[in-house]
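Take a look at the letters that make up each chain.
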Amino acid sequence: MSHTLGIRQAQKQKTRQAFLDAALALLEEQSLSSLGLREVTRAVGVAPTAFYRHFRSTADLGVALVDEALGSLHPMVRTTVATPGAERITRAVRLIADHVAAHPAHVRFIARERHGGVQPVREAIRDQLARFAEEVKTELAKDPEAEGWNDDDLLMLAHLYVDQMLITASLFLETLEPPEPSEAERERATRIATRQMRLISLGRQHWLD
């Protein structure tokens with residue numbers, strides 16, 4: 001019996017993932033607010049009623065995509081921010097560049113829907129980014145430069161870094177535009193992103209002056 005349940009659960013998870021993959025592909029050409037349930041089920045090759053075994057609505061599916069796009073990044077971001085000194089910026093830029101190259105559709109989805117027309121998805125993205133900011137703040141508070149900083153200012157700084165990470169992701173997305181990915185453009189994006197993050201770091205050093 002347990003073996004049969006395991007097979008059913010695996011098949012259910014496989015179908016759920018097929019919905020997520022199909023929706024992500026369709027969202028390359030449109031926003032979530034315009035995505036139809038029948039479009040998704042047609043792409044997966046199942047009846048529309050099957051959708052509701054996995055998601056309550058397309059908004060619910062969008063929230064699941066947010067979790068898929070951002071949820072797994074928390075450990076990597078914490079580890080990167082915990083890196084001391086100038087290497088922190090180098091590792092952060094490299095992490096973003098590699099993530100964009102590996103998951104461009106997820107990054108485009110987040111960039112588009114962060115200010116999109118589906119409220120639960122906007123809120124899910126906002127909550128994920130707020131969680132990143134809290135995690136970054138925790139690591140920044142361990143730096144010697146954090147001495148004398150209050151919690152509100154540390155959180156403000158953490159949000160600056162998180163916002164800059166999103167800007168950096170957009171920079172690297174542009175390097176993937178047709179006709180083909182450009183190594184020269186990637187190197188240029190790396191230089192710009194590194195300089196921008198260093199500017200934030202320099203501002204941090206003089207904030208209490």
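Residues numbered from 1 in each chain as written. Predicted model: local features only at pLDDT ≥ 70, side-chain atom pairs only at ≥ 80, totals over all residues. Heavy atoms only, no water.

K.L.:
So what about helix H5 (residues 74-81)? Which residues, and what values?
P.N.:
Among all positions in H5, only His74, Val77, Thr80 and Val81 are buried. All buried residues of H5 lie within an arc of 130° about the axis, which places them on one face of the element. Turning to H5, the residues buried within the fold contact helix H4 (58-70), helix H6 (87-102), helix H8 (119-140) and helix H9 (151-174). (Buried < 20%, exposed > 50% of the residue type's maximum accessible area, 1.4 Å probe, protein only. Helix = DSSP H or I, 4+ residues; strand = E, 2+ residues; numbered from the N terminus. Arc of directions from axis to C-beta. Contact = heavy atoms within 4.5 Å.)

K.L.:
Could you give an account of the packing of aromatic side chains, naming the residues involved and the relevant values?
P.N.:
Inspection of every chain in the model, using the stated rule, returns 5 aromatic pairs. On the basis of an interplanar angle of 85° and a centroid distance of 5.6 Å, the ring pair of Phe51 and Tyr52 is categorised as edge-to-face. Since its relative accessible area comes to 52%, Tyr52 is described here as exposed. Relative to Phe55, the ring of Phe51 lies with its centre 5.6 Å away and its plane at 40°, an arrangement referred to as tilted. On the basis of relative accessible area, Phe51 is assigned to the buried category, the value being 0%. We classify Phe55 as buried; its relative accessible area is 2%. (Phe/Tyr/Trp six-rings, centres within 6.5 Å; stacked < 30°, edge-to-face > 60°.)

K.L.:
Go over the side chain of Gln128 with me, naming the residues and quoting the values.
P.N.:
Relative to the helices and strands, Gln128 resides in helix H8. If we skip the residues at most four places from it in the chain, Gln128 touches Val66, Asp67, Leu70, Gly71 and His74.

K.L.:
Provide a residue-level description of the packing of H5 against H8, including the pertinent values.
P.N.:
Contact geometry for H5 and H8: axes closest at 9 Å, N-to-C directions at 25°. Accordingly, the angle class assigned to the pair H5 and H8 is roughly parallel. Judged by the sense of rotation from one axis to the other, the crossing of H5 with H8 is right-handed. Residues His74, Val77, Arg78 and Val81 of H5 form the contact with H8, whose own contacting residues are Gln128, Arg131, Phe132, Glu135, Val136, Glu139 and Leu140. In terms of residue class, the contact of H5 with H8 is built from 5 nonpolar, 2 polar and 4 charged. (Axes fitted to C-alpha atoms, helices over the stretch in contact; angles between N-to-C directions. Parallel < 35°, antiparallel > 145°, perpendicular 65-115°, else oblique. Left-handed = near helix turned anticlockwise from the far one by under 90°. Nonpolar A, V, L, I, M, F, W, Y, C, P; charged D, E, K, R; others polar.)

K.L.:
Go over the nonpolar core, please, and point to the residues and values.
P.N.:
What tends to happen in soluble globular proteins is that the nonpolar side chains get buried as a cluster. With 56 residues, the main nonpolar core has Leu61, Leu65, Val66, Phe109, Val136 and Leu140 as its most contacted residues. Residues in contact with Val136, not counting those within four places in the same chain, are Val77, Val81, Ala158, Tyr161 and Val162. (Core = buried A, V, L, I, M, F, W, Y, C linked by side-chain atoms within 4.5 Å.)

K.L.:
Which residues make up the pattern of salt bridges, and what values go with them?
P.N.:
As enumerated under the stated definition, the model contains 11 salt bridges in all. The residue Glu135 makes a salt bridge to Arg131 at a minimum N-O spacing of 3.2 Å. Taken together, the residues Glu135 and Arg131, both in helix H8 and 4 residues apart, mark about one turn of the helix. Taking relative accessible area as the criterion, Glu135 reaches 13% and is therefore assigned buried. Among the residues examined, Arg131 registers a relative accessible area of 41% and is labelled partly exposed. (Salt bridge = Lys/Arg side-chain N within 4 Å of Asp/Glu carboxyl O.)

Function-wise, these values are silent; they only describe arrangement.
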